[in-house]
Amino acid sequence: MKIGRTAGVTDTGRRRLRNEDAFICEPPLFAVADGMGGARAGEVAAGLAAAALEEAGSETRGAEGVAALIVEANKRIWERSLNDPRTTGMGTTVTAALVDAASGAVAIGHVGDSRAYLLRDETLEQLTTDHSLVAELVESGVLTPEEAERHPQRSAITRALGTEPTVEVDAFTMQAEPGDLFLVCSDGLSAMLSDEAVSSAIETADRDPERAAAALVAAANARGGEDNITVVLFEIVDDQAPAPSPVPEPVPEATVLPEAGELTEEDVQVEASESVAAEPEPSRHGAGAGGRVAALALIVSVLVVGLLVLYLAVR
Ligand code: MG
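Thresholds, definitions, all that
Every residue gets a number counted from 1 within its own chain, in the order that chain's sequence is written. A pLDDT threshold of at least 70 governs which residues receive local features in this predicted model, and a stricter bar of 80 or more applies before side-chain atom pairs are shown or counted, although totals over entire chains, interfaces and linings include all residues. Derived side-chain values reflect all non-hydrogen atoms in the structure, with water molecules and hydrogen atoms excluded from consideration. Axis definition: a line fit to C-alpha positions, over the contact stretch in the case of helices; interaxial angles, taken between N-to-C directions, run 0 to 180 degrees. By the criteria applied, helices consist of DSSP H or I runs no shorter than four residues and strands consist of E runs no shorter than two, each listed in order from the N terminus. Throughout, the term roughly parallel applies to angles under 35 degrees, roughly antiparallel to angles over 145, roughly perpendicular to angles from 65 to 115, and oblique to all others. Helix crossings fall into two classes, left-handed where the near helix is turned counterclockwise from the far one by less than a right angle and right-handed where it is turned clockwise. Contacts between residues were defined by any pair of non-hydrogen atoms, one from each residue, lying within 4.5 Å. The residue classification treats Ala, Val, Leu, Ile, Met, Phe, Trp, Tyr, Cys and Pro as nonpolar and Asp, Glu, Lys and Arg as charged. All others, Gly included, are polar. In plain words, nonpolar cores are sets of buried Ala, Val, Leu, Ile, Met, Phe, Trp, Tyr and Cys residues tied together by side-chain atoms within 4.5 Å. For every residue, the accessible area obtained with a 1.4 Å probe (protein chains only) is divided by the maximum for its type, and the residue is called buried under 20%, exposed over 50%, and partly exposed between those limits. Metal-coordinating donors are taken as N, O and S atoms lying within 2.8 Å of the metal, or within 3.2 Å when the metal is Na, K or Ca; because water is left out, some sites can appear incomplete.

## Observations concerning the packing of helix α6 (residues 195–204) against helix α7 (residues 209–222)
Each pair of packed helices gets described by two things: the angle between the helix axes and the distance between those axes. Axis separation between α6 and α7 bottoms out at 8 Å; the angle between their running directions is 140 degrees. One element, α6, and the other, α7, form an angle in the oblique class. For the pair α6 and α7, the sense of crossing is right-handed. Here α6 contributes V198, A201, I202 and T204 to the contact with α7, which in turn contributes R211, A212, A215 and L216. Partitioning the contact of α6 with α7 into residue classes produces six nonpolar, one polar and one charged.

## Section: the nonpolar core
With 27 residues, the main nonpolar core has L53, I70, V111 and L161 as its most contacted residues. Every element with two or more residues in this core is listed here: β2 (21–26), β3 (29–36), α1 (41–54), α2 (62–83), β5 (94–100) and β6 (105–111). Looking at which element gives the most residues to this core, the answer is α1, with seven residues. The residues touching L53, leaving out its near neighbours within four places in the chain, are I24, L29, A31, L69, I70, V94 and A96. With 23 residues, the next largest nonpolar core counts L119, C185, V217 and A220 among its residues.

## Considerations on the coordination of the magnesium ion
At 2.1 to 2.2 Å from the magnesium ion lie its protein donor atoms, namely D34 (OD), D187 (OD) and D227 (OD). Each donor residue of the magnesium ion belongs to the same chain, and together they define the spacing D-x152-D-x39-D. Residue D34 is found in strand β3, and its partner D187 is found in helix α5 (residues 187–190); the two are separated by 153 residues along the sequence. For D187, a relative accessible area of 11% translates into the label buried.

## Re the packing of α1 against α2
At a minimum axis separation of 9 Å, α1 and α2 run at an interaxial angle of 140 degrees. Taken together, the axes of α1 and α2 lie oblique to each other. Crossing of α1 against α2: the hand is right-handed. Only L69, I70, A73, R76, I77 and R80 of α2 make contact with α1, whose side of the interface consists of V44, A45, L48, A49, A52 and L53. Across the contact of α1 with α2, the residue classes tally to 10 nonpolar, no polar and two charged.

Here it is in structure tokens:
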């Protein structure tokens, strides 16, 4: 088995001014962090979590390895919040998946209400359990899942990264199969879309991670986009599957391409910078201010010499 196509997208949504989500889509590691806290503290917390996870090396393996990364991330966020008063009380969720492609083992570590899902065949299964008030109330039978979806406190989480010196991490390993599609997302997606809407958006996109990620963000925004929306998707394929085709670099719209196709990335960059540099020279075809002064001086000196000659001739 191996990791096939992947995609990661984050969007501010329709109601929030800033995006306090962060994500990692760097095979074999995939993660989403949803920050919280005043000012820009949520962004700081989610960014610190992502940075700590990105330090995962090849020696990081399995559920224990992922849990250790998350514990380290917790420590860094907690210490930063002690040393920087502007970030007091900041925290973040984190849901991370680390794939051991050869064996097909997917290790998942999780704190908060960002989620991991698996789409296998036609069934979407939520792999993580939210650490949230409403999830606990559903668990204890106080609320039905439907009531939880509409509950005013549905975004209150009971466990976060960085708000305490230590954190309890849910971590487990599951066995992937060729054809599996994994989704890691923030609550800006899962609170806006039902599981049925999520799986139908992915199927409509022919399970293409790039297209599916864009479709999921668009669908969450169409339902109101009340929070930042982050979606990370990756597929597991068998070893014989063709390598994912490289995504072509987007070409700046203003750039005019030469006709004979063979254009390197360097050419595009040169053309783009030339078109920018050409902008601030509107008076290229006329004399500049300095030219006008020189012309005036020439006319004056010709007049002076002329008058001098006339004066001498008259005398
Ligand atoms: Mg959120």
